[in-house]
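Here are the chains, one letter per residue:
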Amino acid sequence: MNARPVALLLGLLCSVAVAAVTGPPRPARAADATTATATATATTTTTTTTTTTTAPLTVDACVAIALKKSPRVRAARAEVARWAAQAGEVDALVSPSFEATSYLAPMYGGSDGLGLGGTYKRDLSQWGPYAHADARLVWPISTFGRHTAGKKAAAARTDVEREKLRQTEHEVRREVRELYGLRLFARSM
């Protein structure tokens, strides 16, 4: 069997396996290309020429790439972060809050008696008697168990999402190892 078609088939199988686990490819940035070239190539120097060969990725390297780029893993990590933030919002139930309101109105006067149907005149040089100022500092004494229950519920949901993340990571690892095994099997033929 000719080695060239087998190498092309293996390269195609490996790229399909990585694409199946990590999703569609993103446009490469210059820094990504430099890093990928620096990590995936090995340079051998002889006295007359320099050749660059691509070293095969190990199964652990493939798993690390898949865990880093998998949309499923990123979505699960985002859910964990969301529920951890929700646990922080529960503490806002017992935090003090401050609000202030004030207003002041000018004096109005009617030129035709009581001003019913007549014209009003606004005098901005005189203010009042419509002045109001109000400030409140609210600090809940008790939430009747809502704070404790909310913290427990948010912590439990965060734990559930962490386990879902762990399960998703294990699924991705299993898929990558399975596809890597298929690559090795195809290579042995």
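Residues numbered from 1 in each chain as written. Predicted model: local features only at pLDDT ≥ 70, side-chain atom pairs only at ≥ 80, totals over all residues. Heavy atoms only, no water.

Trainee: Pulling in residues and values, what's your account of the nonpolar core?
Mentor: Membership of the largest hydrophobic core is limited to 11 residues, which are Cys62, Val63, Ala66, Leu67, Val73, Ala76, Val80, Leu165, Val172, Val176 and Tyr180. Counting only elements with at least two residues in this core, the list comes to α3 (59-69), α4 (71-90) and α5 (146-188). Beyond its immediate sequence surroundings of up to four residues, Val73 is in contact with Leu67, Leu165, Thr168, Glu169 and Val172. (Core = buried A, V, L, I, M, F, W, Y, C linked by side-chain atoms within 4.5 Å. Buried < 20%, exposed > 50% of the residue type's maximum accessible area, 1.4 Å probe, protein only. Helix = DSSP H or I, 4+ residues; strand = E, 2+ residues; numbered from the N terminus. Contact = heavy atoms within 4.5 Å.)

Trainee: Lay out the packing of α3 against α5 with the relevant residues and their values.
Mentor: At a closest axis distance of 9 Å, the pairing of α3 and α5 adopts a crossing angle of 135 degrees. On the basis of their axis angle, the class for α3 and α5 is oblique. Between α3 and α5 lies a crossing whose hand is right-handed. Residues Val59, Asp60, Cys62, Val63, Ala66 and Leu67 of α3 pack against Glu169, Val172, Arg173, Val176, Arg177 and Tyr180 of α5. In the contact of α3 with α5, the residues fall into eight nonpolar, no polar and four charged. (Axes fitted to C-alpha atoms, helices over the stretch in contact; angles between N-to-C directions. Parallel < 35°, antiparallel > 145°, perpendicular 65-115°, else oblique. Left-handed = near helix turned anticlockwise from the far one by under 90°. Nonpolar A, V, L, I, M, F, W, Y, C, P; charged D, E, K, R; others polar.)

Trainee: Explain the environment of Ala84 to me, and be specific about the residues and the numbers.
Mentor: In this structure, Ala84 sits in helix α4. Expressed as a C-alpha distance, the spacing of Ala84 and Thr158, which sit 74 residues apart in the sequence, is 5.9 Å.

Trainee: Provide a residue-level description of unusual backbone geometry, including the pertinent values.
Mentor: Phi is positive for Phe144, close to 55 degrees, though the residue is something other than glycine. By the secondary structure assignment, Phe144 is in the loop between β4 (120-138) and α5.

Trainee: For α4, give the residues involved together with the corresponding values.
Mentor: The end-to-end C-alpha separation of α4 is 29 Å, in line with the 28 Å expected for 20 residues at 1.5 Å each. Those residues of α4 lying buried are Val73, Ala76, Val80, Trp83 and Val90. With its buried residues spanning 100 degrees around the axis, α4 presents them on a single face. Buried residues in α4 make contact with α3 and α5. (Expected span 1.5 Å × (residues − 1). Arc of directions from axis to C-beta.)

Trainee: How would you sum up the packing of α3 against α4? Please name residues and give values.
Mentor: Each packed pair of helices is defined by two parameters, the angle between the axes and the distance between the axes. Put simply, α3 and α4 touch, their axes get as near as 5 Å, and they point 55 degrees apart. Judged by the inter-axis angle, α3 sits oblique to α4. Along its contact with α3, which presents Leu67, Lys68 and Lys69, the element α4 presents Pro71, Val73, Arg74 and Arg77. Its residues assigned to classes, the contact of α3 with α4 comprises three nonpolar, no polar and four charged.

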